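# Per-entry structural report
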Amino acid sequence: DAKTTQPNSMESNEEEPVHLPCNHSTISGTDYIHWYRQLPSQGPEYVIHGLTSNVNNRMASLAIAEDRKSSTLILHRATLRDAAVYYCILRSNYQLIWGAGTKLIIKP
Amino acid sequence: NAGVTQTPKFQVLKTGQSMTLQCAQDMNHNSMYWYRQDPGMGLRLIYYSASEGTTDKGEVPNGYNVSRLNKREFSLRLESAAPSQTSVYFCASSEAGGQPQHFGDGTRLSIL
């Protein structure tokens, strides 16, 4: 199964943009890239997903490299409520292959 | 806005005891999933049900059984609990396979 690599943790200042990187060099042509986040003591929450093209929604933007070997989740203006573990996940059929994620720390 | 409801929220078992974790969703979703999450790690898929009447093994199915009781409910059973099954268990549902998954708040299970 294809795997993803993310930094263990990142820090950002409140009200600034955040770019969360993810490497997935063994991605296959049919794997979708999903991002979820998990606040402390809660279940994961869907953020965004894409296949080849960049995607935007009300929560974030997803930038996918042309060769699809990496992607970046962009939070345009981080708030304290965005402090969470962010998971970059490859979807193969029904299965989401989860890594350990990036713990995002937001400094006021 | 109930979404995905898991019961119980916390449970302590002794080794060898059995238990069923319950999950229900009110979004009319076709697919449902059971995951476990160990400290500091991502989620691992135990079993999933692509649609009512079907179940399939995920990454870590050993020691577990599931039942898709109807479209709303998907239960996870531990027949003989072991300390290695101490974990947080999450149930999720999605409109169809591959669509965004909606998660419950989890069941925190400790096995002594």
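Model, not experiment: these values are computed from the prediction. (Residues numbered from 1 in each chain as written. Chains lettered and ligands numbered in written order. Predicted model: local features only at pLDDT ≥ 70, side-chain atom pairs only at ≥ 80, totals over all residues. Heavy atoms only, no water.)

### Observations regarding the sheet that holds strand β7 (residues 70–75) of chain A
All names here are of chain A. Selection rule: Each pair of strands is called paired provided DSSP finds at least two bridges between the two strands. Secondary structure elements are defined from DSSP: runs of H or I of at least 4 residues count as helices, runs of E of at least 2 residues count as strands, and each element is numbered from the N terminus.
Pairing in this open sheet of four strands is antiparallel, and the strands run β2-β7-β6-β5 from one edge to the other. Lying at the two open borders of the sheet, with one neighbouring strand each, are β2 (18–23) and β5 (55–56). The pairing of β5 with strand β6 (residues 61–64) spans two bridges and is classified as antiparallel. Across the sheet, residue V55 finds its bridge partner in β6, namely L62.

### Quick notes on the state of the cysteines
What makes a disulfide is a covalent bond joining the sulfur atoms belonging to two cysteines. Threshold: Any pair of cysteine sulfurs within 2.5 Å is marked as a disulfide. Only protein chains enter the area calculation, which uses a 1.4 Å probe; residues under 20% of their type maximum are buried, those over 50% are exposed, and those in between are partly exposed.
Tallied over the full model, the rule gives two disulfides over all chains. Here A:C22 engages in a disulfide with A:C88; their sulfurs sit 2.1 Å apart. Measuring handedness by torsion sign, the sulfur bridge of A:C22 and A:C88 sits at about -80 degrees and is left-handed. With A:C22 in strand β2 and A:C88 in strand β8 (residues 84–92), this residue pair connects regions lying 66 residues apart in the sequence. Note on A:C88: relative accessible area 0%, which makes it buried. The side chain of B:C23 participates in a disulfide bridge whose partner is B:C91; the two sulfur atoms lie 1.9 Å from each other. In this structure, the disulfide formed by B:C23 and B:C91 twists by about -75 degrees around the S-S bond and is classed as left-handed. Placement of B:C23 in strand β3 (residues 19–25) and of B:C91 in strand β9 (residues 87–94) is noted, with a sequence separation of 68 residues between them. Here B:C23 and B:C91 have matching classes, each one buried.

Shape is all these values report; function is a separate question.
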